[in-house]
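# Analysis of the macromolecular model
What follows is the residue order along each chain.
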Amino acid sequence: MSRSAMSAALVLFVLAALFVAAPVSKVMAAETVSGKIVSVDSDNHTFVLQVGDDKVTVTVNDDTKYTINGEAAGKDDVLVAGAAAKVTHTDGVASDVAVTKE
């Protein structure tokens with residue numbers, strides 16, 4: 001193998017190793033689920049949402065927005081066991097919690 005071919009092979013090997021070793025950025029898409037709030041844990045900033053046969057634990061934070069019938073509302077008014085809720089979250093952290101009351 002010629003010296004230039006070996007150099008080219010070495011460069012390709014190094015580039016391939018850098019590509020494989022580079023961290024992969026994972027972009028999380030927001031997901032919206034609807035269900036019934038089963039329980040609320042204010043101390044841990046979480047609530048459990050019954051979605052069909054599944055129970056999903058959702059975390060809220062200071063950036064979470066809350067609404068009742070489309071109007072802005074407080075967290076304690078929205079996160080009530082038994083309420084029907086539509087939750088937009090990314091990786092289990094809610095950005096929006098919308099409750100519909102009759």
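### Here's the deal with the overall build of the chain
Along its length, the chain carries two helices and seven strands. Taken from N to C terminus, the helices and strands of the chain fall in the order α-β-β-β-β-β-α-β-β. In the chain, which comprises 102 residues, the share counted as buried stands at 23%. Of the contacts made within the chain by residues no fewer than 6 positions apart, 51% connect residues no fewer than 24 positions apart. As displayed, the chain has an accessible area near 7300 Å², and 57% of this comes from carbon and sulfur atoms.

### Re unusual backbone geometry
Positive phi, normally seen in glycine, also occurs at His45, with a value near 55°. In this fold, His45 is placed in the loop between strand 1 (31-41) and strand 2 (46-51). His45 sits in the partly exposed class, given a relative accessible area of 41%. Positive phi values are uncommon outside glycine, yet Asn69 reaches one of about 50°.

### So, the environment of Ala94
Inspection of the secondary structure assignment puts Ala94 in strand 7 (residues 93-99). On the accessibility criterion, Ala94 (3% relative accessible area) is buried. For the pair Ala94 and Thr32, spaced 62 residues apart in sequence, the C-alpha separation works out to 9.4 Å. If we skip the residues at most four places from it in the chain, Ala94 touches Val58, Thr59, Val60, Asn61, Thr64, Val87, Thr88 and His89.

### Some details on the pairing of strand 1
Alignment of strand 1 against strand 6 (residues 84-90), held across six bridges, turns out to be antiparallel. The residue of strand 6 that forms the bridge with Ser34 is Lys86. Summarising the sheet, strand 1 and strand 2 pair through five bridges and their orientation is antiparallel. Across the sheet, the residue bridging to Ser39 is Val48, located in strand 2.

### What to know about the nonpolar core
Phe47, Leu79, Val87 and Val97 are the most contacted members of the largest nonpolar core, which totals 16 residues. Once residues within four sequence positions are removed from consideration, Val87 is found in contact with Glu31, Thr32, Val33, Phe47, Leu49, Val58, Ala94, Asp96 and Val97.

About the criteria used
- Residues numbered from 1 in each chain as written.
- Predicted model: local features only at pLDDT ≥ 70, side-chain atom pairs only at ≥ 80, totals over all residues.
- Heavy atoms only, no water.
- Helix = DSSP H or I, 4+ residues; strand = E, 2+ residues; numbered from the N terminus.
- Buried < 20%, exposed > 50% of the residue type's maximum accessible area, 1.4 Å probe, protein only.
- Contact = heavy atoms within 4.5 Å.
- Areas by Shrake-Rupley, 256 points an atom, 1.4 Å probe, with all protein chains shown as cover.
- Pairing = 2+ DSSP bridges.
- Core = buried A, V, L, I, M, F, W, Y, C linked by side-chain atoms within 4.5 Å.

Limitation: the analysis is restricted to geometry and does not speak to function.
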